[in-house]
Amino acid sequence: MEHTFTHTVVVPYILLEPLWAAVLIALFLRKRGSWAAALSTLVAALICFRALKMALGGFRFEGGTEWLHLGNFALSIGFKYDDLAALMLCIVGIVGLGVHVFSLGYMHDDAAKGRYFGGLSIFMFSMIGIVLADNLFMMFIFWELVGFSSWLLIGHWYEKTSASEAAKKAFITNRVGDFGFLIGIIWCYWANGTVNLSALGAHHVFSTGIALLLFCGAVGKSAQLPLQVWLPDAMEGPTPVSALIHAATMVAAGVYMLCRINVLMVPDALTVIMWTGTATALYAACCAITQSDIKKVLAYSTLSQLGYMVAAFGLGSGNHDPVAITGGSGEHRTLVVVAAAGVGAAMFHLTTHAFFKALLFLGSGSVIHGCHHEQDIFKMGGLRTRMPLTFWTFTIGVAAIIGLPGLAGFFSKDAILYLAFANNKAVFLVLAFTAILTALYMTRLWRITFFGEPRSESAAHAHEGGLTLTLPLVVLAILAAIGGYVAIYPKVFTGVFELIPEAHGGDHTTILITSLVVLILGAGTALFFYKPAATDPLEARAPGLFRLLASKLWFDEIYQWYIDKVQQRFALLLNFLEQIFLAGLIIRGFAGVVGLFGLGARALHVGKLNVYLYWFLGGVVVLWLFATGVF
Amino acid sequence: MIHAGLNTYVTLSALLFVIGFFGVLLRKNTLVIFMSLELMLVASTLALVAFSRFNGTLDGNVFVFFILTIAAAEVAVGLAIIVALFRMRRTVQVDELNALKH
Amino acid sequence: MSALLFNLFALFTVICAVGTVVNKNAVNAAMCFLLCLVGVAGLFVQLDAYLLAFLLLLVYAGAVVALFLFIIMLLDVQGKQSISFKSFSTVAAALAAGLLLVGICSFATRGHLDAPNPNYGSGVGAALKPYAYQLFTTYLLPVQVMGFLLLAAMLGVIVLSRKLDAVEGTS
Amino acid sequence: MNLPFDPLLASIVAPLAVAVAIACGLPKRWSIRLAYVGFALPALLALHAWFHYSAQPQVHGYAFLTRYSTGLDGLGIGLTLGLNGISLPLFVLAGLVGLAAGLYAIQSTAERLKIYLMLLLVMQAGLMGVFASVDVFFFYFFHELALIPTFIMIGIWGGRDRSYAAMKVTIYLTLGAMLSLVGLIALYVKSGATSFDLITLREIIAARPLAATLQHNIFALLMFGFGILVSLWPLHTWAPLGYGAAPSSAAMLHAGVLKKFGLYGLIQIALPLLPLGSAHWAHTLAALAAVGNVLIVGFITMAQRDLKQVIGYSSVMHMGYAFLGVACYSVLGAGGVVLLMVAHGLSVALLFLLATSIYHRTHTFELTEMGGLAQKTPVLAAFFVAATFASIGLPGFANFWGELTIFVALWQFSHCLTVIAISGVIISAIYGLRAAARVFFGPPTDAFAAVAAQHPPADLNWREKIPALILLATLLFIGFWPKSLSAPLNDTLNTVYSAVAGK
Amino acid sequence: MDIPSLQALAASNTWTSILPELMLGCLALLLLVLEIVLPKRLHSALPGVALLGVLALLAGQLLTACCGITEGESFNGLLYHSQEGQLMRVFFLLAALLTGVLGTVCLARQRVAHTEFYHILLVVTAAMMLLVQSNHFVMLFVTLETVTIGLYILVSYFRNSPFSLEAGLKYLIMGALSSAILLFGIVLLYGVGGNPSLPAHTASAMNFDELRAFLAANPHNFLASVGIVLVLSGVAFKIAAFPFQIWVPDVYQGAPTPVTAFLAVASKAAGFLVLLIVARTFSPYAWLLAPVLTVMAAATLLFGSLAALTQHNVKRLMGLSGVSHAGFLLLGVVAAGTQSMAVGAIYFYLFAYLLASFAVFGVMAQVAGPEDADQEISHYAGLAKDRPFLALVLAIGLGSLAGIPPLAGFMGKLFIFIAAFQAGLYGLLAVAVVAVVISIYYYFGWIRAVFFSNWVSPDGEAAPQPARAPVGLMAGLMLGVLALATIFLGFYQGPLGQWLNNR
């Protein structure tokens, strides 16, 4: 039985199924956690199945129905299922299923399992909405919903103040990005008369402003500088959530969105994007070096990799003369194609990163689970023997991320490096240095966590989890290992993968050598420098550098200072002015003046007849003056 | 020597009226105030009679009848009130009759 | 002759009126008022309103002033009677007097009326009979109303001045 | 389906009749039973009107149009009832919020419950009347009818400062009402219609528009008059004070529905009839709303420490969006305002309801003394979080559509103000989430732990849940299917705003 | 003069046209006769006789009103009968009836004569009915003085209370002064109008129609304008317009409550009717009349509401707020110069004012206690708990006076506002709006005391709350009917509104 896939089929099945699951859980299964988990996982499996089937079946479609119509403004709930969306949907489906299965084990004893799996389902719904959206308004809607599910899941253990605060921080920081995103969408709407992606592709106005404002959305969601602060804090959520949302899918949505709107890009904007991504990559890699929390390391690593992707997207522009784009449609096309190289590189890295980062997070989850929720790597050690499966899968993940030739990360990182090499040497150097750092901190993490002797009770009693914990690791490890070979991807994704820039000849060699040098430098330094011990040798050897890196450039402190000392004080000042000045001085003062007049008028009634009679005289005199024409 | 024309009569009546008004304002004794009020009424009747005479219509003169009657009734009621008040408060000075105020 | 008489009566009336207003003693004020009324009655006579002059004397001088005097005597308050000349009330009274004088001046200068013929309408109020005609035809209704007014006033006076015990008896 | 009676008149008369019956001394049990009817009937009739609106024949752009004479036909005043696309959403809002407030009141433990219910029913009747009236006079009339019980309810059942709050609210609102009344009279007289009938007014003004200066002046009266009623900055200080003091059901009905009167008047009457006036004042209005209501009040909201004050100020802030929509003077803007009114009405009513429920468990409104309530009352927390997210404009809730359409419309009006307005999205997220976190999340504070030890807090019971569910379900329904409201709204706006529909 | 011409003159004295007044007079006489004839133990039935008689007259008046009456002059032009005159007959009969009912409440607790009270009340009422139909200055003055002298007696009727007597004396002296001023004005007008040297002089210058014709021919005569302002000052005393309002609070406070009510309603209404009549007569002098009345209206509105703002004595409060009401009515009178609709508005306002005022005074009579002395607002604290019926009636009455929909007072204000707007009196309207807002404060301050406060002794001592006397059947009935009528007239104006506004 073959479905002809159109949006009428997609909507009820792939989009609304997780929503229904969430609704059912919210209404009936709150207290039946196992049922909720089963339902949610089943739906995730269905999604994964459908996503793969649709993608591999080669169905591509566009279409939608009107959702809201007022005046000339129409907003439709529409779908654009092209190769890009198909690829992203598959990633979401596969990683989502993996995380669901992993969660079955990881969250087995949690009291609020129902809420957790309901949140996962809402997240799946929102994420699929972003992936399928055919217009920016719809994308924005699901964009916000994703933010909400993120809030829900980060704050899962809300009785911890830190979790609650982290959830709040994540949502508000995202809103800051969305602020620009929404302005960009609205501007785009009025500038072009539409926000439909296909229509925009056919014809649109070039504007740096629109492109940058839309990029704001990505800055928030993909945690680029300067809105990166929420992502490390978001690790307060359960680890599978970090794997799903804060590594593989949601944070990648920013990159995905950029790829969606690549037609709107102009060189100026791309330059900004490129440098933002580059800076984020470098900054996060530096920060990762000093982290001792296993998840924090991975979080900064994620940040860094996202910076890579964003930089890759920005690099796609090349150094075209801005005058060229104002010309005829021929120039447009060249521009689009060149930008598309960035899309290819970014999406390629997104795909591979999704696999190996999800793997790493789930691996860390397994470690944490095994160590009874101990997250400090300096209190671990010796897990190589105690949790062998986790160790080996984790090793594959580490190898992939540091770009060991043959594994997924190697290929995608090379593509990006090549792009940088071709377009901007400065960026190339920074990214290469970042790659050294990546190899350094990942190897450090790997070595300290798994080698040596156990450095705490919990590590000593660590054990491998059940099948639900290990199975996803294995699957993701396989994907992380082979995900870099473009050839293994079915032809159906050519729309994306044909865009991946490939180095040829001398360039190819240069990039390959660079990669290897980088890898050897980074990993070698780490192996040489870090020993499985209870303290960080960097702290002891170079305390100044350590402190500088550990400070994370005081971003959090500055923001906190702004919130406490500027924003909140400003709010208190305004409140004070309102209470004292507006409600007090003006309103009450005015009432008081009227009251004084009232007292005065009342005091005029002195009770003496003589005085009253003078009033009559006065009245007559005044009227007389009227009669004589004085007034 | 002022000629006894209409204007003279009217001005004279106005003068009387004003004197009465002044008395009302000036005096503190309710009885005298009351007399001043009567003076004002009388002043009005003087003007009325003069107008009646010089306009050649009788209405004014007839009106005087009514005014005199009303004045008498007013005086009767007024004096009754003053007497009753005097019984309670032992005064006819308006300064002291200010229990009702503010 | 009439001019002389008029001047005499007018002067007399005004002086008596002022006397009524400024006299410290209430009894004297009442007597001044009485004389003032006589002056007005004289003016009435000048205006051919003999009946009204007579009535004025009868009702006012005979009844009203008598009543005043009676009450003044009854209450016996002339001893305490005085015009207090406190600064505030003096200023106010002076101001009032000034205003009133200005009013009179404006009245006298601007309110000029032409009497076309000094003999026009002379003797209009002289005869008795037209009064009767008017009162019993045109003004019959007001006359009736006056009847009710007098009755009500009488009842009012009775109510107000009856002894308290008598009232208690009725309720 | 046609009812054998006029549903609009019935929706006004039913609560009034119940109120009268209660006033006549019905015993308490029967009073409560009848009160259910008095609250449910308008809601059911409103839903009926909603679902059958499109099938109804339209007379002069109105469905269910009926006229009743009150003896003032000579003056052009008559009770004309009808619904168009603008009034229909608000009519539904009035019915549903009224039902929720009524149910919540019935389950409450208020002293003198009978009088409380009676006043609430009178208010409900007035609210239904406001939005069902086609006649401008009765539109005003019903508003005042609904306003009086607010005063009494604040005064008798109110919280802190109730006496002062009641006076301040009443004086402020009277001033606003008087100004707008003068504006309406000006329309009545100066249009030459000598009729308060909106249909007649529209026809006559369409044929012979008013002079520009006149339009400016009348619009100013209406703008500031209605502005006070809707808490336009800086005339808003009554609102947080009043809501802080008001008992829950009164606050629900007032903030949720009655306050929308002014905006409704601007959308339904002022904008279509006074296009030049609105153009003249649009920038002033928009500047006040954007800088005052959104930014300044937004920051002030952040500084609040009292839960009810947070809700009250946030309501003032969201009214700023609505004013911005009004200032746009377009079909999109006006439609956005209507959507926002409905959404805000539902969400703020829900918030006030839940705030009271929270109070019953924490015995304080002070945010600093709360914390960790979610562990004891997860369902309450879920409702409150949903209401918070609704009010900060999360997609999926009705509020989002209102805010989005207003933002989109506003861009055409002024880019700068759009940016300011959208920054409000961040501000509201900050205070909304902060309040939710303070109340529910983190470990319990010492103060709350002490209270909880004395009165172990129970989760929401069904009698509280049902009214909350009514509101939340409607919010979600409109959020997921905005067309249910926007389709009739769009039709009406396109005809009423014919001057700008093509723009 | 011959007999036939006398007969012709006498034939114009159509006594049947003043049948209601005649019967009132006869009823008054009958009371006196009955007091003499009947044994003492039956004297307590006399008020009942008076009230029944008035009721019967009222019924007769309403019945004949349907048949319509012949419009036109009678008594040689002394009287002019019109529809409005018929209406005002009903008004004054109603006022007399209600005052009588209040009298039964208050007099019963006092050691004073009863029959005379009703006698004088009836005579005054009849005189008022004639007053508002008078068409001639002699008639006007005579009936006015009858009313005034009757009121002197009534005000000082509680002759064992120094307050009542002091109020009577103050009222007497100021009233006599104003009568003298009025009289001098009349004299001047008479003299000018009959002056043979002026164009269009007339033989009967005191007839209003003739006087108007004369004034139209001499539009700028100085003496005539002086006469006009003097007449206006005399009338202004009656209606308590600024600056002739100063007597109001003292006299209201001292007078017995029923008399205060009568003064506040009937006397003021009569004054306004006289003002309307003389304003019509003086209409050629609009250059003088309009500014004088405008300034007076503005000053009256502001002074009344300001002075009442801080007042604690309810009678003084009612008096000062009555001054403010006089301002509203003056606004209508000013508008009536150009808008005929304003006259209808004034009538409606007066009726609404009658209903509301008597409701309030009725409650005051109940609360005031046996000595008629409990008049502070603090005496009303906790009334709602003690006597909810009285509290409700009071709230309705005060609400109507404040002009809150759906009560009759609002409709009155609305009509006045519309008329004023049509007449273009924007400045006065602004003042009126301010006055309404201020008035809310003191009216609701009173309601606040009734509903929101608990009993505290006014002296600050721990005196127990005085036991409040139960409401008698007749008084209760009256209050109930008044409250219902106030509400009913607010919702549905019916034939009355139709009739008033089609004029």
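Residues numbered from 1 in each chain as written. Chains lettered and ligands numbered in written order. Predicted model: local features only at pLDDT ≥ 70, side-chain atom pairs only at ≥ 80, totals over all residues. Heavy atoms only, no water.

Participant: Quick rundown of the interface of chain D and chain E? Include the residues and the values.
Facilitator: Facing the 40 residues of chain D at the interface are 34 residues of chain E. Note on chain D versus chain E: buried area summed over both sides is about 3,300 Å², and carbon and sulfur give 81% of it. Our count for the chain D to chain E interface comes out at 0 salt bridges. Taken together, chain D and chain E are joined by 2 residue pairs in polar contact (both at pLDDT 80 or more). Mapped by element, the contributors of at least two residues to the side of chain D that touches chain E are helix H5 (136–157) and helix H6 (162–190) of chain D. Counting residues per element, the side of chain D that touches chain E draws most heavily on H6 of chain D, which supplies 18 residues. Counted by class, the side of chain D that touches chain E contains 26 nonpolar, 9 polar and 5 charged residues. (Contact = heavy atoms within 4.5 Å. Buried area = accessible area lost by both parts, 1.4 Å probe. Salt bridge = Lys/Arg side-chain N within 4 Å of Asp/Glu carboxyl O. Polar contact = N/O pair within 3.5 Å; in protein donor to acceptor, adjacent residues only side chain to side chain. Helix = DSSP H or I, 4+ residues; strand = E, 2+ residues; numbered from the N terminus. Nonpolar A, V, L, I, M, F, W, Y, C, P; charged D, E, K, R; others polar.)

Participant: Quick rundown of the interface of chain B and chain C? Include the residues and the values.
Facilitator: If you look at the interface, chain B gives 70 residues, while chain C gives 80 residues. When residues of chain B are sorted by the area they lose upon contact with chain C, Met35, Arg53 and Phe65 of chain B head the list and together hold 11% of the total. Between chain B and chain C we count 1 salt bridge in total. Residue aspartate 48 of chain C is joined to arginine 53 of chain B by a salt bridge in which the shortest nitrogen-to-oxygen separation is 3.5 Å. Taken together, the links from chain B to chain C amount to 7 residue pairs in polar contact (both at pLDDT 80 or more). Elements represented by at least two residues in the side of chain B that touches chain C include exactly helix H1 (6–26), helix H2 (30–55) and helix H3 (59–89) of chain B. Of the residues forming the side of chain B that touches chain C, the biggest block, 23 residues, is contributed by H3 of chain B. Class assignment of the residues belonging to the side of chain B that touches chain C gives a composition of 49 nonpolar, 14 polar and 7 charged.

Participant: Go over the arrangement of the chains, please, and point to the residues and values.
Facilitator: Where 8 pairs of chains are in contact, the pair with the most contacts is made of chains B and C. At no point do chain B and chain D touch; the closest pair of C-alpha atoms across them sits 24 Å apart. The two units chain C and chain D never meet; even their closest C-alpha atoms stay 38 Å apart.

Participant: Tell me about the packing of helix H12 (residues 267–289) of chain A against helix H19 (residues 425–450) of chain A, and please be specific about residues and values.
Facilitator: Residue and element names in this part refer to chain A. Two numbers describe how H12 lies on H19: the axes approach to 9 Å, and their chain directions differ by 25°. Regarding the angle of H12 to H19, the classification is roughly parallel. Seen along the crossing, H12 lies across H19 with a hand that is left-handed. Along the contact surface, H12 presents Met274, Trp275, Thr278, Ala281, Leu282, Ala285, Cys286, Ala288 and Ile289, while H19 presents Ala426, Val427, Val430, Leu431, Phe433, Thr434, Leu437, Leu440, Tyr441 and Arg444. When its residues are assigned to classes, the contact of H12 with H19 shows 16 nonpolar, 2 polar and 1 charged. (Axes fitted to C-alpha atoms, helices over the stretch in contact; angles between N-to-C directions. Parallel < 35°, antiparallel > 145°, perpendicular 65-115°, else oblique. Left-handed = near helix turned anticlockwise from the far one by under 90°.)

Participant: Could you give an account of the nonpolar core, naming the residues involved and the relevant values?
Facilitator: Core analysis: the biggest nonpolar cluster contains 803 residues, and Leu307 of chain D together with Phe417 and Trp446 of chain E have the highest contact counts within it. Take this core: its biggest share by element is 23 residues, from helix H14 (residues 341–367) of chain E. Split by domain, the residues of this core number at least three in each of domain 1 (1–80) and domain 2 (124–171) of chain C. (Core = buried A, V, L, I, M, F, W, Y, C linked by side-chain atoms within 4.5 Å. Buried < 20%, exposed > 50% of the residue type's maximum accessible area, 1.4 Å probe, protein only. Domains from an automatic or database assignment.)

Participant: Lay out the domain arrangement of chain C with the relevant residues and their values.
Facilitator: How big an interface is tends to be expressed through the accessible area that disappears when the partners come together. Residues and elements named next belong to chain C. Taken domain by domain, chain C comprises domain 1 (1–80) and domain 2 (124–171). Of the roughly 360 Å² buried between domain 1 and domain 2 on both sides combined, carbon and sulfur atoms contribute 70%. Linking domain 1 with domain 2 are 0 salt bridges, by the criterion used here. Between the two partners, domain 1 and domain 2, sit 0 residue pairs in polar contact (both at pLDDT 80 or more). Its residues assigned to classes, the side of domain 1 that touches domain 2 shows 4 nonpolar, no polar and 1 charged.

Participant: Account for helix H6 (residues 137–155) of chain E, with residues named and values stated.
Facilitator: One turn of the α-helix equals 3.6 residues, which is why residues spaced by three or four share an orientation. Under the 1.5 Å per step criterion, the end-to-end length of H6 of chain E is 26 Å for 19 residues, consistent within 8% with the ideal 27 Å. The buried fraction of H6 of chain E is high, at 19 of 19 residues. (Expected span 1.5 Å × (residues − 1).)

Participant: Give me the lowdown on the pattern of salt bridges, citing residues and values where you can.
Facilitator: Per the stated rule, a full pass over the model turns up 19 salt bridges over all chains. Between glutamate 165 of chain A and lysine 168 of chain A there is a salt bridge, with its nearest N and O atoms 3.5 Å apart. With glutamate 165 of chain A and lysine 168 of chain A both in helix H6 (residues 161–192), this residue pair falls 3 residues apart, about one helical turn. By relative accessible area, which is 37% here, glutamate 165 of chain A ends up partly exposed. Through salt bridges with shared partners, a single ionic network connects Arg89 of chain B together with Glu166, Lys170, Asp250 and Arg316 of chain E.

Participant: Got a sec to walk through unusual backbone geometry? Specific residues and values, please.
Facilitator: Going from leucine 225 of chain A to proline 226 of chain A, the amide bond is cis rather than trans, its omega being 0°. Geometrically, the link from phenylalanine 242 of chain E to proline 243 of chain E is a cis peptide bond, its omega value of 0° lying close to zero. Within the secondary structure layout, proline 243 of chain E lies in the loop between helix H9 (222–239) and helix H10 (248–254). One non-glycine residue, histidine 60 of chain D, lies in positive phi territory at about 55°. Inspection of the secondary structure assignment puts histidine 60 of chain D in the loop between helix H2 (28–52) and strand E1 (63–68).

Participant: Describe the packing of helix H4 (residues 83–107) of chain E against helix H11 (residues 257–281) of chain E, naming the residues involved and giving the relevant values.
Facilitator: When two helices pack together, you describe them by how their axes are tilted relative to each other and by the distance separating the axes. Residue and element names in this part refer to chain E. The contact between H4 and H11 brings their axes to 8 Å, and the two run at 170°. Of the possible angle classes, the one that applies to H4 and H11 is roughly antiparallel. Contacts from Met88, Phe91, Phe92, Ala95, Ala96, Thr99, Leu102, Gly103 and Cys106 in H4 reach Thr257, Pro258, Ala261, Phe262, Val265, Ala266, Ala269, Ala270 and Leu273 in H11. Looking at side-chain class alone, the contact of H4 with H11 contains 15 nonpolar, 3 polar and no charged residues.

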